[in-house]
Amino acid sequence: FRKLLLATGLAAALLAPVAAATTASAQEVKTRIIRFGYGLSESSNQGRAVKFLAEEMSKRSGGKFKMKGFGDASLGSDIQMQNALIGGAQEMMVGSTATLVGIVKDFGVYDLPFLFNNEKEADAVLDGPFGEKLLKALNDKGLVGLVYWENGFRNLTNSKRPITKIEDMGGIKLRVMQNPVYIDMFNRFGANAVPLAFSELFTALETGTVDGQENPVTTIQSSKFYEVQKYLTISRHVYSPWIVLASKRWYDGLSADEKKILNESAVASREFERKDSRDASAQSVAYLKEKGMQINELSPAELDRMREMVKPAFDKYAAEGGADVLKDIQAAIAAARK
Ligand code: TK8
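Residues numbered from 1 in each chain as written. Predicted model: local features only at pLDDT ≥ 70, side-chain atom pairs only at ≥ 80, totals over all residues. Heavy atoms only, no water.

**Q** In this structure, what is going on with the overall build of the protein chain? I would like to understand it.
**A** Of regular secondary structure, the protein chain possesses 13 helices and 11 strands. The principal-axis extent of the C-alpha atoms belonging to the protein chain is close to 85 × 45 × 35 Å. Here the protein chain holds 338 residues, and 51% of them are scored as buried. Across the protein chain, the fraction of contacts at a sequence separation of at least 24, relative to all contacts at a separation of at least 6, is 75%. Summed over its atoms, the accessible surface of the protein chain is roughly 15,500 Å², and 55% of this surface lies on carbon and sulfur atoms. (Helix = DSSP H or I, 4+ residues; strand = E, 2+ residues; numbered from the N terminus. Buried < 20%, exposed > 50% of the residue type's maximum accessible area, 1.4 Å probe, protein only. Contact = heavy atoms within 4.5 Å. Areas by Shrake-Rupley, 256 points an atom, 1.4 Å probe, with all protein chains shown as cover.)

In structure tokens:
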């Protein structure tokens, strides 16, 4: 019996290279464990897209890519995950482009207020040469930017009072993303901007460390901010992208076939995610109302006042090294509008 085992073992060892040689292309795809971190809950639009991406990768790799999603920032905040990717301790993540400014400063350009009028313009700019160029800029920094997903147009919530005009923001401690463009913008509006990681936001709202925050309605729903925030103001002040990232260290070790699976799965996830997020977004306002939020829309006149008020933020951004990237994105938006 032992002899038989040895013999079969030997036979397998002898046959293995032959078998592998006959399936040369399949051999280029290895079993890969991919840890994919994200900040929102599993039931959010972000969580659904992560699940879609995992299934897509599994399908396209014949089950060899085993991507596991870690939601609720269980692998860390956006910034902590970016660093884990750079160091090679984690393979993939999705997070806000806004939190990338410490790595590639130009990403801050997306955070300038009232840049895009609608999702269509955003898609064209993000998926076109402009968006592509910013993704490429990550390569020198240890990251691979695969695709943009939609986080969405951001709106204001707070626990103090309805915001119907800019002055109503006065003195409100407002959590913003860790990004100078946001801090500058909301301080101009008279709020007291407090930069904080998303992973700490719910508790900060609950304990009153901050009075308010701003995020798309889908996130206000999925993160249950309605439990700790009374007022929702539809302001759509910034269109916020998410970005799907891979560790460059890890990515560089993939075969051409594997890279192709990853890239194509990412593009498929982008199409799924945007459609799903937009569908969900259309339902969220009604949901939040039912949960007891008091909701108002800012009037066009008030939005114009806000636009006027943040004009100097654009000049400041340009003066602090952003002039070229600002010119480029404005040209890309103008082209998208034609
Ligand atoms: C989730 C964040 C979130 C963003 C924020 O990790 O921080 O407010 O909108 O989506 O990236």
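**Q** Would you take a moment to explain the site of the ligand for this structure?
**A** Around the ligand, the neighbouring residues are Gly39, Leu40, Asp78, Ser96, Asn151, Arg154, Arg175, Met177, Phe198, Asn215 and Trp242. A distance of 2.8 Å separates an oxygen atom of the ligand from a polar atom in the side chain of Asp78. Arg154 places a side-chain nitrogen or oxygen 2.9 Å from an oxygen atom of the ligand. Relative to its free-state accessible area of 300 Å², the ligand is covered by the protein chains to the extent of 99%. With respect to the detected pockets, the ligand is housed in the largest cavity. (Near = heavy atom within 4 Å. Polar contact = N/O pair within 3.5 Å; in protein donor to acceptor, adjacent residues only side chain to side chain. 1 Å grid on protein atoms, 1.4 Å probe; cavity = no way out; pocket = protein on both sides within 12 Å on 5 of 7 lines; lining within 4 Å. Sits in = over half its atoms within 2 Å of the grid points.)

**Q** What am I meant to see in the packing of helix 7 (residues 180-188) against helix 13 (residues 311-337) here?
**A** Their axes nearest at 10 Å, the elements helix 7 and helix 13 cross at an angle of 150 degrees. One finds that helix 7 runs roughly antiparallel with respect to helix 13. Helix 13 is crossed by helix 7, and the crossing has right-handed handedness. Across from Val181, Asp184 and Arg188 in helix 7, the residues of helix 13 making contact are Pro312, Ala313, Lys316 and Tyr317. Across the contact of helix 7 with helix 13, the residue classes break down as 4 nonpolar, no polar and 3 charged. (Axes fitted to C-alpha atoms, helices over the stretch in contact; angles between N-to-C directions. Parallel < 35°, antiparallel > 145°, perpendicular 65-115°, else oblique. Left-handed = near helix turned anticlockwise from the far one by under 90°. Nonpolar A, V, L, I, M, F, W, Y, C, P; charged D, E, K, R; others polar.)

**Q** Honestly, the sheet that holds strand 10 (residues 239-247) in this entry has me stumped. Any pointers?
**A** Strand pairing within a sheet occurs via backbone hydrogen bonds; the two strands may be parallel or antiparallel. The strand order across the open sheet built from 5 strands is 2-1-3-10-4, with neighbouring strands paired in mixed fashion. Of all strands in the sheet, those bounded by a partner on one side alone are strand 2 (65-70) and strand 4 (143-153). Taken over all neighbouring pairs, the strand axes of this sheet differ in orientation by 20 degrees on average, direction set aside. As defined by bridge partners, strand 4 adjoins strand 10 across 9 bridges and the pair is classed as antiparallel. (Pairing = 2+ DSSP bridges.)

**Q** When you look at the pattern of salt bridges in this model, what are you seeing that I'm missing?
**A** If charged atoms from side chains of opposite charge come close, those side chains can pair. Considering all chains together, one arrives at 27 salt bridges under this definition. Of the charged contacts in the structure, one is a salt bridge between Lys248 and Asp252, with a shortest N-O distance of 2.9 Å. Note on Lys248: relative accessible area 23%, which makes it partly exposed. Ionic pairing is found between Asp304 and Arg307, a salt bridge with its closest N-O pair at 3.0 Å. (Salt bridge = Lys/Arg side-chain N within 4 Å of Asp/Glu carboxyl O.)

**Q** Explain the packing of aromatic side chains to me, please; I cannot follow it from the model alone.
**A** Note on aromatic pairs: each is described by the distance of the centres and the angle between the planes. By the definition in use, this model includes 11 aromatic pairs. Summarising the aromatic geometry, the rings of Phe198 and Phe225 are spaced 5.9 Å apart at their centres and angled 55 degrees between planes, so their arrangement reads as tilted. In this pair, Phe198 sits in the loop between strand 7 (192-195) and helix 8 (201-207) while Phe225 sits in the loop between helix 9 (217-222) and strand 9 (231-234), placing the two residues 27 residues apart along the sequence. Assessed through its relative accessible area of 22%, Phe198 is described here as partly exposed. Among the aromatic side chains, those forming a connected cluster through ring pairs are Phe107, Tyr110, Phe130 and Tyr148. Sitting over the face of the ring of Phe153, Arg236 holds its NZ or CZ atom 4.1 Å from the ring centroid. (Phe/Tyr/Trp six-rings, centres within 6.5 Å; stacked < 30°, edge-to-face > 60°. Lys NZ or Arg CZ within 6 Å of the ring centre and 35° of its normal.)

**Q** Please explain the layout of surface pockets as it appears in this structure.
**A** One simple way to see leftover space: roll a probe sized like a water molecule over the atoms. Size it by volume and the largest pocket reaches roughly 220 Å³. Surrounding the largest pocket, 15 residues form its lining, Lys105, Pro180, Val181, Tyr317 and Glu320 being those nearest its centre. Put simply, the parts of the chain that give the lining of the largest pocket at least two residues each are helix 7 and helix 13. In terms of residue count, the dominant contributor to the lining of the largest pocket is helix 13 (6 residues). In the lining of the largest pocket, the residues fall into 6 nonpolar, 4 polar and 5 charged. (Points joined across faces, edges and corners; volume = space filled by probe spheres on them.)

**Q** Can you walk me through helix 7 in this structure?
**A** The α-helix winds at 3.6 residues per turn, so residues separated by three or four positions along the chain end up facing the same way. Of all the positions in helix 7, only Val181, Tyr182, Asp184, Met185 and Phe186 are classed as buried. Tucked inside the fold, the buried residues of helix 7 contact strand 5 (155-158), strand 6 (173-176), strand 7, strand 8 (212-215), strand 10 and helix 13. Residue Asn179 occupies the N-cap position of helix 7, its side-chain oxygen lying 2.8 Å from the main-chain nitrogen of Val181.

**Q** I keep staring at the side chain of Arg175 and nothing clicks. Help me out?
**A** Structurally, Arg175 is set in strand 6. Although Arg175 is buried, it forms no salt bridge, and the closest oppositely charged side chain is Glu214 at an N-O distance of 4.9 Å. Ignoring anything within four residues of it in the chain, the contact list for Arg175 reads Arg154, Val194, Leu196, Ala197, Phe198, Leu201, Val210, Gly212, Gln213, Glu214 and Asn215. (Lys, Arg positive; Asp, Glu negative; His and termini not counted.)

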